[in-house]
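Structure at a glance
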Amino acid sequence: MIPGPAADLLQVLQALLNEGRYQEILDRFASADDADARAPTVLLTVAATATRLGRLDQGSALASRALATCRLRADSEGRVRAENLLGAIAFARGEVGQAAGHWRAAIEFGRAAGDTLTVARASNNLASALHLGGDVLEARTLYRESLAGYQRLADRREIAGILTNLALTYRWAGDAPTAARLGEDAVRHAEVVGDPTLLALVFAGRAETMLDTGEFAVAERLLDRSEQLASSAGDEVGVGEVYRIRAERSLRLGEPKAALTAAAAGMALAERGGQPL
């Protein structure tokens, strides 16, 4: 348990998080009393928010502070959360090996504690690292393990994200119909949640699958929607992802100049956010 004022702050931050009001979380944290803001649960909530908005340096600093405190207090639950988040930050920076190390630690601690949520979250993340390294089959196995965990928890937000990732493994394997079906399921769950950054993610993933089936007009409409949602949420990483997929669409349509313009715009956002992947 954390002290009363810190618990009150955490409750406010979590309410804002549930509504997708990410910038307000950072603003509220910046004005909070320093003693309250040092609680690991508060630090991790704000670190996750900063990371989601592409502010990796801030997210890393806050998560590292939380991890150090959790080690001193022998707080295994907090340590697992911190390891998982630091893995996500390392992955976004292109430090895939370091990310995998954090996630394997999170899975180990989580399984020992019987923490379904932690194991599901870290398995999803580790799967992304393995997928990037070309191990599609093991990645798919971990995605399915993660999906089963979140289904037991009835967490539609995470289910939508994992379905998007799982769809990508089938897309890379050339199985466009399965990728499309999984993408449709991801959109269905995301629409129930209503989080703009999540919707931007699943619409972008769905659009990329549409490129494989030659449905370029549908893909463009999905990308327009994704960009609008990401922009409204201040999610520059999400906007950059839209530009990346737009570049691919233009290439397939034989429009290299438009592809170059979109790719350059996406790269500029990625460089500004420190996200080489």
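Everything quoted here is computed from the prediction, not taken from an experiment.

Mapping Ser226 onto the fold places it in helix 13 (residues 216-232). You can call Ser226 buried: its relative accessible area is 1%. With sequence-adjacent residues up to four places away left out, Ser226 is seen in contact with Ala200, Phe203, Ala204 and Val242.

What follows is about the packing of aromatic side chains. Taken as a whole and judged by the stated rule, the model has one aromatic pair. In this arrangement the basic side chain of Arg140 is found over the ring face of Tyr170, its NZ or CZ atom lying 3.8 Å from the centre.

Below, the discussion takes up the environment of Glu220. Relative to the helices and strands, Glu220 resides in helix 13. Residue class for Glu220 comes out partly exposed when judged on its relative accessible area of 21%. Among residues more than four places away in sequence, those in contact with Glu220 are Arg246 and Arg249.

What follows covers unusual backbone geometry. Residues other than glycine seldom take positive phi values, yet Ala74 does so here, at roughly 55 degrees. Looking at where Ala74 falls in the secondary structure, it is placed in the loop between helix 5 (56-73) and helix 6 (76-92). We classify Ala74 as exposed; its relative accessible area is 68%. In the Ramachandran plot, Ala154 falls in the positive-phi region, its phi being about 55 degrees despite a non-glycine side chain. Mapped onto the secondary structure, Ala154 falls in the loop between helix 9 (136-153) and helix 10 (156-172).

Their axes nearest at 8 Å, the elements helix 10 and helix 11 (residues 176-193) cross at an angle of 165 degrees. With respect to each other, helix 10 and helix 11 are oriented roughly antiparallel. The crossing of helix 10 and helix 11 is left-handed. On helix 11, the residues that touch Arg156, Arg157, Ile159, Ala160, Leu163, Thr164, Leu166, Ala167, Tyr170 and Arg171 of helix 10 are Thr178, Ala179, Leu182, Gly183, Asp185, Ala186, Arg188, His189, Ala190, Val192 and Val193. Grouping the constituent residues of the contact of helix 10 with helix 11 by class yields 12 nonpolar, four polar and five charged.

Within this structure, the stated rule accounts for 20 salt bridges. The shortest N-O distance in the salt bridge between Arg246 and Asp224 comes to 2.5 Å. Taken as a pair, Arg246 in helix 14 (residues 236-252) and Asp224 in helix 13 lie far apart in primary sequence, 22 residues in all. Linked by salt bridges that have partners in common, Arg171, Glu208, Asp212, Glu241, Arg244, Glu248 and Arg252 make up one network.

What follows is about the packing of helix 7 (residues 96-113) against helix 8 (residues 116-132). Two numbers describe how helix 7 lies on helix 8: the axes approach to 9 Å, and their chain directions differ by 155 degrees. In terms of orientation, helix 7 lies roughly antiparallel with respect to helix 8. Crossing geometry of helix 7 relative to helix 8 is assigned as left-handed. For the pair formed by helix 7 and helix 8, the contact residues are Val96, Ala100, Trp103, Arg104, Ala106, Ile107, Gly110 and Arg111 on the first element and Thr118, Val119, Ala122, Ser123, Asn125, Leu126, Ala129, Leu130 and Leu132 on the second.

For the rest of this paragraph, the subject is helix 2 (residues 22-30). Buried within helix 2 are the following residues: Tyr22, Ile25, Leu26 and Phe29. Considered in projection along helix 2, the buried side chains sweep an arc of 95 degrees and stay on one side of the axis.

On to helix 14. Every α-helical turn comprises 3.6 residues, leaving residues that sit three or four positions apart pointing alike. Between its first and last C-alpha atoms helix 14 spans 25 Å; for 17 residues at 1.5 Å apiece the expected length is 24 Å, and the two agree. If you check which residues of helix 14 are buried, you get Gly238, Val239, Gly240, Val242, Ile245, Arg246, Ala247, Glu248, Arg249 and Ser250. Its buried side turned inward, helix 14 meets helix 10, helix 12 (196-212), helix 13 and helix 15 (256-272). Within two residues after helix 14, Gly254 carries a phi angle of roughly 75 degrees, on the positive side.

Locating Thr169 in the fold gives a position in helix 10. Using a relative accessible area of 0% as the deciding quantity, one classes Thr169 as buried.

Our focus in this paragraph is the confidence of the model for the chain. Considering every residue of the chain, the mean pLDDT works out to 90; 97% of them sit at 70 or more. No element of the chain has a lower mean pLDDT than helix 3 (residues 34-37), at 66, and none a higher one than helix 13, at 96.

With that out of the way, let us pick up the nonpolar core. Ranked by size, the top nonpolar core spans 51 residues in total, and within it Leu126 and Val202 carry the most contacts. When residues of this core are assigned to their parent elements, the largest contribution, nine residues, is made by helix 12. Grouped together as the second largest cluster of nonpolar side chains are 28 residues, Leu43, Ala82, Leu85 and Ile89 included.

Scoring rules and cut-offs
- Residue numbering note: each chain is counted from 1, following its sequence as written.
- This being a predicted model, a pLDDT of at least 70 is required before a residue's local features are given, and a value of 80 or more before pairs of side-chain atoms are given or counted; all residues contribute to the totals for chains, interfaces and linings.
- For the side-chain quantities, the full set of heavy atoms in the structure was used; hydrogens and water were omitted.
- Starting at the N terminus, helices and strands are each numbered in turn, a helix being any DSSP run of H or I of at least four residues and a strand any DSSP run of E of at least two.
- Think of it in three bands: residues with accessible area under 20% of the maximum for their type are buried, residues over 50% are exposed, and the middle band is partly exposed, with areas taken using a 1.4 Å probe on protein chains only.
- What makes two residues a contact is simply this: any of their non-hydrogen atoms within 4.5 Å.
- Aromatic rings from Phe, Tyr and Trp, taking only the six-membered ring of Trp, are treated as a pair when their centres fall within 6.5 Å; an angle between ring planes under 30 degrees marks them as stacked, one over 60 as edge-to-face, and anything in between as tilted.
- Only lysine NZ and arginine CZ atoms are considered, and such an atom sits over a ring when it is within 6 Å of the ring centre and within 35 degrees of the ring normal.
- Angles shown run from 0 to 180 degrees and are taken between the N-to-C directions of axes, each axis being a line fitted to C-alpha atoms and, for helices, limited to the stretch in contact.
- Reported orientations rely on four angle classes, namely roughly parallel under 35 degrees, roughly antiparallel over 145, roughly perpendicular from 65 to 115, and oblique for the rest.
- Two helices crossing with the near one rotated counterclockwise from the far one by less than a right angle form a left-handed crossing, whereas a clockwise rotation gives a right-handed crossing.
- Classification convention: Asp, Glu, Lys, Arg as charged; Ala, Val, Leu, Ile, Met, Phe, Trp, Tyr, Cys, Pro as nonpolar; all other residues, Gly among them, as polar.
- Throughout this description, the term salt bridge denotes a Lys or Arg side-chain nitrogen within 4 Å of a carboxyl oxygen of Asp or Glu.
- Working note: the arc is built from the helix axis to C-beta atom directions.
- To estimate the expected span of a helix, subtract one from its residue number and multiply by 1.5 Å.
- Here pLDDT means the predictor's own confidence in every residue, given as a number from 0 to 100.
- As used here, the term nonpolar core means buried Ala, Val, Leu, Ile, Met, Phe, Trp, Tyr and Cys residues forming a set that is joined through side-chain atoms within 4.5 Å.

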